[in-house]
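# Structural overview for review
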2 protein chains.
Amino acid sequence: MSNTKVLPLLESEAPEAVAPCCPPLTERPFTAEEAETAARMFKALGDPVRLRLFSLVASHEGGEACVCDISDVGVSQPTVSHHLKKLKEAGLLTSERRGTWVYYRVEPSVLAAMGKLLTMAPAAA
Amino acid sequence: MSNTKVLPLLESEAPEAVAPCCPPLTERPFTAEEAETAARMFKALGDPVRLRLFSLVASHEGGEACVCDISDVGVSQPTVSHHLKKLKEAGLLTSERRGTWVYYRVEPSVLAAMGKLLTMAPAAA
DNA sequence: TGTCTATGTTGACGCTTGTCGATACAGGTG
DNA sequence: CACCTGTATCGACAAGCGTCAACATAGACA
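Reading guide: rules and limits
- Residues numbered from 1 in each chain as written.
- Chains lettered and ligands numbered in written order.
- Predicted model: local features only at pLDDT ≥ 70, side-chain atom pairs only at ≥ 80, totals over all residues.
- Heavy atoms only, no water.
- Helix = DSSP H or I, 4+ residues; strand = E, 2+ residues; numbered from the N terminus.
- Areas by Shrake-Rupley, 256 points an atom, 1.4 Å probe, with all protein chains shown as cover.
- Disulfide = S-S within 2.5 Å.
- Buried < 20%, exposed > 50% of the residue type's maximum accessible area, 1.4 Å probe, protein only.
- Salt bridge = Lys/Arg side-chain N within 4 Å of Asp/Glu carboxyl O.
- Phe/Tyr/Trp six-rings, centres within 6.5 Å; stacked < 30°, edge-to-face > 60°.
- Lys NZ or Arg CZ within 6 Å of the ring centre and 35° of its normal.
- Expected span 1.5 Å × (residues − 1).
- Arc of directions from axis to C-beta.
- Contact = heavy atoms within 4.5 Å.
- Least-squares fit on C-alpha atoms with pLDDT ≥ 70 in both.
- Buried area = accessible area lost by both parts, 1.4 Å probe.
- Polar contact = N/O pair within 3.5 Å; in protein donor to acceptor, adjacent residues only side chain to side chain.
- Nonpolar A, V, L, I, M, F, W, Y, C, P; charged D, E, K, R; others polar.
- Near = heavy atom within 4 Å.

As annotated in an unreviewed UniProt entry, chain A carries the name Metalloregulator ArsR/SmtB family transcription factor and is attributed to Streptomyces lanatus.

## Things to note about the overall build of chain A
Check the secondary structure of chain A and you find 5 helices and 3 strands. Sequence-ordered secondary structure for chain A, helices as α and strands as β, is α-α-β-α-α-β-β-α. Taken as a whole, chain A presents about 6600 Å² of accessible surface, with 54% of it coming from carbon and sulfur.

## Focus on the state of the cysteines
Residue and element names in this part refer to chain A. Counted by the stated rule, this structure contains 2 disulfides over all chains. Note on cysteine connectivity: cysteine 66 is disulfide-linked to cysteine 68, with sulfurs 2.4 Å apart. Residues cysteine 66 and cysteine 68 are joined through a disulfide that is right-handed, its torsion about the S-S bond being 130 degrees. With relative accessibility at 2%, the residue cysteine 66 sits in the buried group. We classify cysteine 68 as partly exposed; its relative accessible area is 48%.

## Observations concerning the pattern of salt bridges
Using the criterion set out here, one finds 8 salt bridges over all chains in the structure. As a salt-bridge pair, glutamate 96 of chain A and arginine 98 of chain A come within 3.1 Å of each other at their nearest N and O atoms. Glutamate 64 of chain B is paired through a salt bridge with arginine 98 of chain B; the nearest N and O atoms lie 2.6 Å apart. With glutamate 64 of chain B in strand 1 (residues 64–66) and arginine 98 of chain B in strand 2 (residues 93–98), this pair connects stretches of sequence that are 34 residues apart. Within the structure, one salt-bridge network assembled from shared partners comprises Glu64, Glu96, Arg98 and Arg105 of chain A.

## As for the packing of aromatic side chains
Within the structure shown, the criterion is met by 1 aromatic pair over all chains. Between phenylalanine 42 of chain A and phenylalanine 42 of chain B, the ring centres sit 6.1 Å apart and the planes meet at 25 degrees, which makes this aromatic pair stacked. Here the residue phenylalanine 42 of chain A occupies a position in helix 1 (residues 32–44), and phenylalanine 42 of chain B occupies one in helix 1 (residues 32–44), the pair thus bridging two chains. Stacked on the ring of tyrosine 103 of chain B, the Lys or Arg arginine 98 of chain B has its end atom at 4.2 Å from the ring centre.

## Looking at helix 4 (residues 77–89) of chain B
Residue and element names in this part refer to chain B. The first and last C-alpha atoms of helix 4 sit 18 Å apart over 13 residues, in line with the 18 Å expected at 1.5 Å per residue. Here helix 4 has its buried residues at Val80, His83, Leu84 and Leu87. When helix 4 is viewed along its axis, its buried side chains cluster within an angular range of 100 degrees and face the same direction. Facing away from the buried side of helix 4, by more than 90 degrees, are the exposed residues Pro78, Lys85 and Glu89. Each element contacted by the buried residues of helix 4 is listed here: helix 1, helix 2 (48–58), helix 3 (67–70), strand 2 and strand 3 (101–106). Following helix 4 by one or two positions, glycine 91 adopts a phi angle in the positive range, close to 85 degrees.

## Quick notes on the relation of the copies chain B and chain A
Structural alignment of chain B on chain A gives an RMSD of 0.1 Å, achieved by rotating through 180 degrees and translating 0.0 Å along the axis. A rotation of that kind, with that shift, is consistent with a two-fold axis. When the interface residues of chain B are mapped onto chain A, 91% of them again fall at the interface, so both copies present the same face.

## Thoughts on the interface of chain B and chain A
In many reports, interface size means the accessible area that the parts give up when they come together. Listed as interface residues are 34 residues of chain B and, on the opposing side, 36 residues of chain A. Taking both sides of the interface into account, the surface hidden between chain B and chain A amounts to around 3000 Å²; carbon and sulfur atoms contribute 76%. Joining chain B to chain A, the criterion identifies 0 salt bridges. Our enumeration of links across chain B and chain A arrives at 6 residue pairs in polar contact (both at pLDDT 80 or more). At the level of elements, helix 1, helix 2 and helix 5 (108–117) of chain B are the ones that each hand at least two residues to the side of chain B that touches chain A. Partitioning the side of chain B that touches chain A into residue classes produces 21 nonpolar, 6 polar and 7 charged.

## Thoughts on the protein's contact with DNA strand D
Taken together, 25 residues sit near DNA strand D, with Gln77 and Tyr104 of chain A together with Arg50, Ser76 and His83 of chain B positioned nearest. A breakdown of the atoms of DNA strand D within 4 Å of the protein gives sugar and phosphate a share of 74%. Within the side chain of arginine 50 of chain B, a nitrogen or oxygen atom sits 2.7 Å from a phosphate oxygen of DNA strand D. A distance of 2.4 Å separates a phosphate oxygen of DNA strand D from a polar side-chain atom of histidine 83 of chain B. Listing elements by their share of the surface near DNA strand D, those giving two or more residues are helix 3 (67–70), helix 4 (77–89) and strand 3 (101–106) of chain A together with helix 2 and helix 4 of chain B. No other element matches the 5 residues that helix 4 of chain B contributes to the surface near DNA strand D. Of the residues assigned to the surface near DNA strand D, the class counts are 10 nonpolar, 9 polar and 6 charged.

The structure is reproduced here in structure tokens:
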């Protein structure tokens, strides 16, 4: 989980968001620092519009989507842009401009880290 | 805390009994209702204090903890109570009064559902 | 009964957030 | 060049949220 270099892109503006931040929630109490880091990611998914946008990108063909493909979520265009920026700042998405359009794609390592964080302790079951 | 081995970890038993809310984020775009439901849970974990409280309960012996055991997170007692209420309303914790103390415990099915929601489809690379 | 401790509720405060319209910027096309 | 489309930023507003002190409630025990 430390360096799964599945993606050739690493010029993102989110510097530390990719690092394995925390152990599973059930393993030991979070420190204040860990909680701060992890809460930032959960908070990013804590809005319905952002969650829909993220799901639209994540489920799109090739794991990426142009803004024009996903901007029909019931809010204005500036609001869509605002939420995409938030997701990017949280390290969940990366963006790349290709000609006229901007493409967003999911950061799978972060997604995996959050998933691990939510796993119950396997406890030798 | 007499019963120490109570955590029912339902990892691969019956997936349909675990996911009342949503498919994995990568499977298909969320509907507005699904996003609303899931975002409520993510939002509950989107605060550092709540995340620490949740982690304290989840990692505590027996999967449950008295408020007095976890209330040292740097905020006042009413604030702790407020956050525990939020986690309860989000379905992440349940509470039970036993004599003088109130015990909180994690809702493992919800935790598992959130974890599944974050899983990447293994073929999506 | 009264008192003490543990926890929840209320009300108020400031800060953050989601939203929009207006505007700016980037890139393609004619 | 001018013009158009796609996307980001700005400025402002209302609503929501985290926090606390004060108070209320519940149970234990003398």
